[in-house]
Amino acid sequence: MERDFTIDIYQKLLVSFKDKGYALIAFEDYLLKDNLPHQYVILRHDIDKQASQAIAVAKIEKEIKARASYYFRVVPESNQPDIMKQIVDMGFELGYHYEDMSLCHGDIDKAKTHFEHWLAHFREFYPVRTICMHGAPQSKWDSRALWDKYNYKDMGIIGEPYFDVDFNSIFYLTDTGRRWDGYKVSVRDKIPVHQERWTANGWVFHSTKDIINAAISGVLPDKIMMTTHPQRWHNDLLPWTYEYGRQRLVNILKFTKLLINK
Ligand SMILES: [Zn+2]
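Residues numbered from 1 in each chain as written. Predicted model: local features only at pLDDT ≥ 70, side-chain atom pairs only at ≥ 80, totals over all residues. Heavy atoms only, no water.

A.B. asks: In this structure, what is going on with the coordination of the zinc ion? I would like to understand it.
C.D. replies: Each pair of donors in an ideal octahedron of six around a metal sits at 90 or 180 degrees, and each pair in an ideal tetrahedron of four sits at 109.5 degrees. Taken together, the protein ligands of the zinc ion are Asp 48 (OD), His 97 (NE2) and His 134 (ND1), with distances of 2.1 to 2.2 Å. Positions of the donor residues of the zinc ion along the chain correspond to the pattern D-x48-H-x36-H. Taken together, the positions of Asp 48 in the loop between strand S2 (40-47) and helix H3 (52-63) and His 134 in the loop between strand S5 (131-133) and helix H7 (161-164) put the pair 86 residues apart, joining distant regions of the chain. An identical accessibility class is assigned to Asp 48 and His 134; each is buried. (Donors = N, O, S within 2.8 Å, 3.2 Å for Na, K, Ca; no water. Helix = DSSP H or I, 4+ residues; strand = E, 2+ residues; numbered from the N terminus. Buried < 20%, exposed > 50% of the residue type's maximum accessible area, 1.4 Å probe, protein only.)

A.B. asks: Explanation requested: the pairing of strand S7 (residues 223-228) in the structure shown.
C.D. replies: Walk down a regular strand and you will see the side chains alternate between the two sheet faces. S7 sits mainly inside the fold: six of its six residues count as buried. Residues Lys 223, Met 225 and Thr 227 of S7 are buried on one face, and the alternating residues Ile 224, Met 226 and Thr 228, pointing to the opposite face, are buried as well. The pairing of S2 with S7 spans six bridges and is classified as parallel. Pairing of Val 41 across the sheet is with Ile 224, part of S7. (Pairing = 2+ DSSP bridges.)

A.B. asks: What am I meant to see in the packing of H3 against helix H4 (residues 81-89) here?
C.D. replies: The packing of two helices is summarised by the inter-axis angle and the distance between the axes. One can describe the packing of H3 onto H4 by two numbers: an axis separation of 9 Å at closest approach and a directional angle of 15°. Overall, the two elements H3 and H4 adopt an arrangement that is roughly parallel. Both H3 and H4 take part in a crossing whose hand is left-handed. For the pair H3 and H4, contact is made by Ser 52, Ala 54, Ile 55 and Ala 58 and by Ile 83, Gln 86 and Ile 87, respectively. For the contact of H3 with H4, the class distribution of residues is five nonpolar, two polar and no charged. (Axes fitted to C-alpha atoms, helices over the stretch in contact; angles between N-to-C directions. Parallel < 35°, antiparallel > 145°, perpendicular 65-115°, else oblique. Left-handed = near helix turned anticlockwise from the far one by under 90°. Contact = heavy atoms within 4.5 Å. Nonpolar A, V, L, I, M, F, W, Y, C, P; charged D, E, K, R; others polar.)

A.B. asks: Which parts of the structure should I look at to understand the environment of Ala 111?
C.D. replies: Looking at the secondary structure, you find Ala 111 in helix H6 (residues 108-122). Once you skip the residues sitting within four places of it in the chain, Ala 111 turns out to touch Asp 100, Met 101, Cys 104 and Leu 146.

A.B. asks: In this structure, what is going on with the side chain of Asp 29? I would like to understand it.
C.D. replies: Considering the arrangement of structural elements, one finds Asp 29 in helix H2 (residues 27-32). What makes Asp 29 buried here is its relative accessible area of 7%. Apart from the residues within four sequence positions on either side, Asp 29 is in contact with Leu 36 and Arg 67.

A.B. asks: What should I look at first to understand the state of the cysteines in this one?
C.D. replies: Should the sulfur atoms of two cysteines be covalently bonded, the bond is a disulfide. Within this structure, the stated rule accounts for zero disulfides. Cysteine Cys 104 remains unbridged, with the sulfur of Cys 132 as its closest cysteine sulfur at 18 Å. By relative accessible area, Cys 104 is classed as buried at 9%. (Disulfide = S-S within 2.5 Å.)

A.B. asks: What am I meant to see in the pattern of salt bridges here?
C.D. replies: When charged atoms on two side chains of opposite charge get close, those side chains can pair. Scanning all chains against the criterion turns up 15 salt bridges. Its salt-bridge partner being Glu 2, residue Lys 12 comes within 2.9 Å of it at the nearest N-O pair. Taken as a pair, Lys 12 in helix H1 (residues 7-19) and Glu 2 in the segment before H1 lie far apart in primary sequence, 10 residues in all. On the basis of relative accessibility, which here comes to 43%, the residue Lys 12 falls in the partly exposed class. Salt-bridge contacts for Glu 28 lead to Arg 129; the nearest nitrogen and oxygen are separated by 2.8 Å. Note that Glu 28 is positioned in helix H2 and Arg 129 in the loop between H6 and S5, a separation of 101 residues in sequence. Using a relative accessible area of 27% as the deciding quantity, one classes Arg 129 as partly exposed. Several salt bridges converge on common partners, so that one network encompasses Glu 28, Asp 29, Arg 67 and Arg 129. (Salt bridge = Lys/Arg side-chain N within 4 Å of Asp/Glu carboxyl O.)

A.B. asks: What is the right way to read H1 from this model?
C.D. replies: The α-helix advances 3.6 residues per turn, and as a result positions three or four apart in sequence lie on the same side. Here H1 contains 13 residues, and its C-alpha end-to-end distance of 18 Å stays within 8% of the 18 Å for a straight helix at 1.5 Å per residue. All of the buried residues along H1 are Ile 7, Ile 9, Tyr 10, Leu 13, Leu 14, Ser 16 and Phe 17. Where H1 is buried, its residues contact strand S1 (23-25), S2, H3, helix H9 (208-216) and S7. Of the residues trailing H1, Gly 21 is marked for its positive phi of about 95°. (Expected span 1.5 Å × (residues − 1).)

A.B. asks: Looking at this model, I keep getting lost on the packing of H1 against H9. Mind explaining?
C.D. replies: Two elements in contact, H1 and H9, have axes separated by 9 Å at closest approach and are oriented at 20°. Considering the angle they form, H1 stands roughly parallel to H9. Of the two elements, H1 crosses H9, and the hand of that crossing is left-handed. Across the interface between the two elements, Ile 9, Lys 12, Leu 13, Ser 16 and Phe 17 of H1 pack against Thr 208, Lys 209, Ile 211, Ile 212 and Ala 215 of H9. When its residues are assigned to classes, the contact of H1 with H9 shows six nonpolar, two polar and two charged.

Set out below in structure tokens:
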């Protein structure tokens, strides 16, 4: 049986999109370009940890001339200057994967100062124009609450996927939970209103192979945003097995919590 969540299968997935005529674009391209093709996939990467895995994914994307957006956190396992420089040099978009409300324990004014400080840091590497929230499932703070009082557009930010993507026309895929139907157990990384419509259309996938097959048979929607966490994708057996086991355990814990909270 072919292992899922390897760099090789990620490459096959991108190639299957490309062969079907999808453009592979960054989030800022979606926001800025007015001559977008009819079919595209916005490639989004949340660098939660193991920043070096971003390079493995970026190499694949560069090879097939894709663009993508890489969102980095402030924590040391993500915020790696050498890695960020390489990502930018390879032609990709860099953005801020923010979690200021949870790091500042819900103090909204402190979180705003924190956000501005770190935005300036990431702008040393790239003219950051887009941001996206880190879900932080263990935290009781939803970092999007910062925008109840402040407006990121005042800080030169043109988009945040949770607010600035038209999910009426764009289908959302995420590898949250190391599966493609993990929205069932995800705390924050999901699009609740539209998910029911997508499910009714049969756009429900578990494995990467399921998506590849759907792409090949032409049943995928024309416009897609796909979020992946490069730390989940490994060719080598040892880190792959570790990630596989760790995520199974996390999913069981999340599922148990959902049952308890019911
Ligand atoms: Zn994240």
